[in-house]
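This is what each chain is made of:
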Amino acid sequence: MTEVLIAPWDAGDLDLLRRLNSPEVRRHTGGPESDEQVLVRHERYVRFADTGQGCMFTVVSPTEEVKVGSVGYWERLWHDETVYEMGWAILPEHQGRGLATSAVRAVVEVARDRRRHRYAHAYPSVENPASNAVCRKAGFTLLGETEFEYPPGRMMRSHDWRLDLTGAD
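The paragraphs below set out a description of the structure included in this document. The structure displayed is predicted, hence computed values, not measured ones.

Procedures and definitions
- Residues numbered from 1 in each chain as written.
- Predicted model: local features only at pLDDT ≥ 70, side-chain atom pairs only at ≥ 80, totals over all residues.
- Heavy atoms only, no water.
- Core = buried A, V, L, I, M, F, W, Y, C linked by side-chain atoms within 4.5 Å.
- Buried < 20%, exposed > 50% of the residue type's maximum accessible area, 1.4 Å probe, protein only.
- Helix = DSSP H or I, 4+ residues; strand = E, 2+ residues; numbered from the N terminus.
- Contact = heavy atoms within 4.5 Å.
- Phe/Tyr/Trp six-rings, centres within 6.5 Å; stacked < 30°, edge-to-face > 60°.

Another aspect to go through is the nonpolar core. Counting 27 residues, the largest nonpolar core has Val71, Tyr73, Met86, Trp88, Val104 and Phe140 as its most contacted members. Elements with a contribution of two residues or more to this core: strand E2 (54-61), strand E3 (66-78), strand E4 (81-90), helix H4 (99-114), strand E5 (119-122), helix H5 (129-137) and strand E7 (155-164). The leading source of residues in this core is H4, at seven residues. When neighbours within four sequence positions are excluded, Val104 is seen to be in contact with Val71, Trp88, Val134, Ala138 and Phe140. If you look at the next biggest cluster of nonpolar residues, it comprises twelve residues, including Leu20, Phe48, Ala89 and Leu91.

What follows is the structure, given as structure tokens:
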């Protein structure tokens, strides 16, 4: 298994977020955002850890010691229950090496240690085989297809993957 390091998102990570805002990386999530939207997202990521509602991290390749992506968890109301939603993105030149799966596993442990919510969910597009494979390899259970709003105002056909953070599933 490929190991990664995760580090809390900080003010110096704006360039990484801009690099992750490419058509290739964002093709399953509504396409690239405007620079203004990226700046707003970056500020939200920087402040996020202080809210207690989740956290965003950079993904650091241990062999190259460079930041290669993002991963995080945040609260969402899903079917009348507060759960953690998880999301990730890896720069194209670093994809296919297991970094996303390892990063998701690391963030699952962070969310599990919070002992705040029983379930974590991920909602990759049904047309995104790589992210669906990450869910499967990270131990999530596929609950089925669902309509999911992302980005805001746009409905997409997604898979609903769930992981029991208590280990009871």
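With that out of the way, let us pick up the packing of aromatic side chains. Throughout the structure, instances matching the rule amount to five aromatic pairs. Taking 4.8 Å as the distance between ring centres and 85 degrees as the angle between the ring planes, the aromatic pair formed by Tyr73 and Tyr84 counts as edge-to-face. Here Tyr73, found in strand E3, pairs with Tyr84, found in strand E4; they are eleven residues apart in sequence, far enough to count as distant. Comparing Tyr73 with Tyr84 shows no difference in burial state: the two are buried. An aromatic cluster is present here, built from Trp78, Tyr123 and Phe148 joined pairwise through their rings.

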